[in-house]
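Chains, contacts and geometry: an overview
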Amino acid sequence: MQGVYLVSLGTTIGFISMARTNRYLQNTDFILLASDDVGNITLNVPSGSTIPAGANKVFESFQDIGASAAAPLRCIFNFNNSSEYVITNRVLYSVSVNVGSFPTTGSIEISVERYSGNIIRLYALYQNSASSTVTITSNIDIQVKVRTFKTPFSS
Amino acid sequence: MDKDFQYSTDFVADFIVGMWEDSFLAVNGTTTSIVVPHGLSFTPLVKGNFSSSSDFFPSNEMSTSVILYSFSVPGMQVSIYADGVNISINAYNFTGSNKTLYWRVYALMPDDIDADVGDITTPRSDMLFDTDNLYLKVLDRGHVPISTTSVVIPHNLGYVPYVEAWVTFSIGTVGPIPLAFLPIYPNSGAAVTADESTVTFHAGSIFGITRYDYRIYIDG
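Just so it is clear, the structure is predicted and the values come from calculations on it, not from any experiment. (Residues numbered from 1 in each chain as written. Chains lettered and ligands numbered in written order. Predicted model: local features only at pLDDT ≥ 70, side-chain atom pairs only at ≥ 80, totals over all residues. Heavy atoms only, no water.)

Side note on the overall build of chain A
The helix and strand tally for chain A stands at zero helices and twelve strands. The helix and strand sequence of chain A, counted from the amino end, reads β-β-β-β-β-β-β-β-β-β-β-β. Classification of the 155 residues of chain A by burial places 44% in the buried group. Look at the contacts in chain A between residues 6 or more apart in sequence, and 64% of them connect residues 24 or more apart. Accessible surface computed for chain A: about 7400 Å², of which carbon and sulfur atoms make up 49%. (Helix = DSSP H or I, 4+ residues; strand = E, 2+ residues; numbered from the N terminus. Buried < 20%, exposed > 50% of the residue type's maximum accessible area, 1.4 Å probe, protein only. Contact = heavy atoms within 4.5 Å. Areas by Shrake-Rupley, 256 points an atom, 1.4 Å probe, with all protein chains shown as cover.)

Some points on the pairing of strand 7 (residues 86–93) of chain B
Along any regular strand the residues' side chains alternate between the sheet's two faces. All names here are of chain B. For strand 7, the tally of buried residues reaches six of eight residues, placing the bulk of the element in the interior. Inspection of the sheet shows strand 3 (residues 30–37) paired to strand 7 by eight bridges, in the antiparallel sense. Looking at strand 7, one finds that Val 36 is bridged to Ile 87. Pairing of strand 6 (residues 76–82) with strand 7, which is carried by seven bridges, proceeds in the antiparallel orientation. Counterpart to Ala 82 in the pairing with strand 7 is Ile 87. Between strand 6 and the antiparallel strand that follows it, strand 7, lie three residues. (Pairing = 2+ DSSP bridges.)

A look at the packing of aromatic side chains
Throughout the structure, instances matching the rule amount to nine aromatic pairs over all chains. Between Phe79(A) and Tyr93(A), the ring centres sit 4.5 Å apart and the planes meet at 20°, which makes this aromatic pair stacked. Of this pair, Phe79(A) sits in strand 6 (residues 73–79) while Tyr93(A) sits in strand 8 (residues 90–99), and the two are 14 residues apart along the sequence. Overall, Tyr93(A) belongs to the buried group, its relative accessible area being 11%. Of the aromatic side chains, those joined through ring pairs into one cluster are Phe77(A), Phe79(A) and Tyr93(A). Directly above the aromatic system of Phe56(B) lies the positively charged group of Arg104(B), at a separation of 4.3 Å from the ring centroid. (Phe/Tyr/Trp six-rings, centres within 6.5 Å; stacked < 30°, edge-to-face > 60°. Lys NZ or Arg CZ within 6 Å of the ring centre and 35° of its normal.)

Considerations on the side chain of Arg74(A)
With respect to the helices and strands, the residue Arg74(A) is situated in strand 6. The buried category is assigned to Arg74(A), whose relative accessible area is 6%. Here the side chain of Arg74(A) touches Glu164(B) through a polar contact of 3.1 Å, side chain to side chain. With near-sequence residues (within four places) excluded, Arg74(A) lies in contact with Asn89(A), Lys145(A), Val146(A), Arg147(A), Phe149(A), Lys47(B), Glu61(B), Tyr106(B), Tyr162(B) and Glu164(B). (Polar contact = N/O pair within 3.5 Å; in protein donor to acceptor, adjacent residues only side chain to side chain.)

Topic: the sheet that holds strand 2 (residues 18–26) of chain B
Residues and elements named next belong to chain B. Ordered by their spatial adjacency, four strands build an open sheet running 2-8-4-5, and the pairing between neighbours is antiparallel. Edge positions in the sheet fall to strand 2 and strand 5 (60–61), since each of these pairs with one other strand and no more. Relative to strand 5, strand 4 (residues 45–51) runs antiparallel, the two sharing two bridges. Bridge pairing in strand 5 places Asn 49 opposite Glu 61.

Concerning the pattern of salt bridges
Per the stated rule, a full pass over the model turns up eleven salt bridges over all chains. For Glu109(A), the salt bridge is made with Arg90(A), and the minimal N-O distance between the two is 3.5 Å. Separated by 19 residues along the polypeptide, Glu109(A) in strand 9 (residues 102–116) and Arg90(A) in strand 8 bring together distant segments of the chain. Of the two residues, Glu109(A) and Arg90(A), neither departs from the other in class, the shared state being buried. Across the salt bridge formed by Asp213(B) and Arg211(B), the nearest N and O atoms sit 2.8 Å from each other. The residues Asp213(B) and Arg211(B) share a single accessibility class, namely buried. Put simply, Arg74(A), Lys47(B), Glu61(B) and Glu164(B) are held in one network by salt bridges that share partners. (Salt bridge = Lys/Arg side-chain N within 4 Å of Asp/Glu carboxyl O.)

Considerations on the nonpolar core
Counting residues in hydrophobic clusters, the biggest one holds 31 residues, and the most contacted among them are Phe77(A), Ile108(A), Ile110(A) and Ile142(A). When residues of this core are traced back to their parent elements, those giving at least two are strand 3 (34–45), strand 6, strand 8, strand 9, strand 10 (119–127), strand 11 (134–136) and strand 12 (140–149) of chain A together with strand 14 (180–182) of chain B. For Ile142(A), the residues in contact, after removing those within four places along its chain, are Ile41(A), Thr42(A), Leu43(A), Val45(A), Phe77(A), Asn78(A), Phe79(A), Ile110(A) and Leu122(A). Judged by nonpolar contacts, the second largest core, of 26 residues, contains Phe24(B), Val36(B), Val46(B) and Leu101(B). (Core = buried A, V, L, I, M, F, W, Y, C linked by side-chain atoms within 4.5 Å.)

Structural notes on the side chain of Arg104(B)
Residues and elements named next belong to chain B. With respect to the helices, strands and loops of the structure, Arg 104 is situated in strand 8 (residues 99–108). According to the relative accessible area criterion, Arg 104 is buried, its value standing at 6%. For Arg 104, the side chain forms a polar contact with the side chain of Glu 21, separated by 3.2 Å.

Structure below.
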């Protein structure tokens, strides 16, 4: 234990206990939500991309962010530089496509996952269940602001 | 600005009122469900993540919905709900083989609940407040009923804030925001959106949402 002795005229009259200084300045009765980093990850799904009949196509990007820990992460999505942001971790996004030569609307699944260590992965998955080639006919610019959290668990 | 500080006594900080973790066998080709009593006197605001690996790499966030339209890509989708007694976790495994599913869930308290809860004891109990981290500063916390029209809450921060939200379904269960359908169609897509002055809670008639619980933080 560290401390300070109070000395008066050569006689010890008291001892004030002092905690050892470390980086934990305060504590609480409860674990707080602790965010260890924030960063951005982007992905482009280009117009003209083709997905063969019955096949799947994954567009993906990776980003180094936060501590290497199994931690929760939270995302704010932006599409095509809109002024509106979407608070979510997973999106089913409508996209203009041609199935063969027939113009219609398809859906692309977009999500962020902790991939390994401190690497996160943003991916967009198009599943073509049609019997014709699908061509994506609109460009999608995806920007995601990711906030990572220290896991409240042991590791 | 206050948002640039790791911690500010001008704002309250959110704290965790419950933590649970375990694993179970998710059977291939079907949904495996487990129920865990949470031991709290109220319905907690739960969130969690899961992995088929004990080191949680890769790991994904639990939602309250799965994508049902196609399972041609191997994977696992996990949903979570809470009610007044239990936490329910449902794992749809279409990886092609049985998998051990590792899960971790934590909970916050709704703003309209004032209940005593026990201290949370974990291996991190000596690291409750660490100056290496940022502690989210709550600007506003509350809940809004939702039916057929969206609800807009102003924040006027001048930047897009970080928001946490949970939904209550018509059957009374509570969980994270469902899968968002975009672009958002009025009265259908369940989602929370934000711009530099407002947060909008969209009516989620597809999911039968009756209420959003939310936290708006000054942290961006």
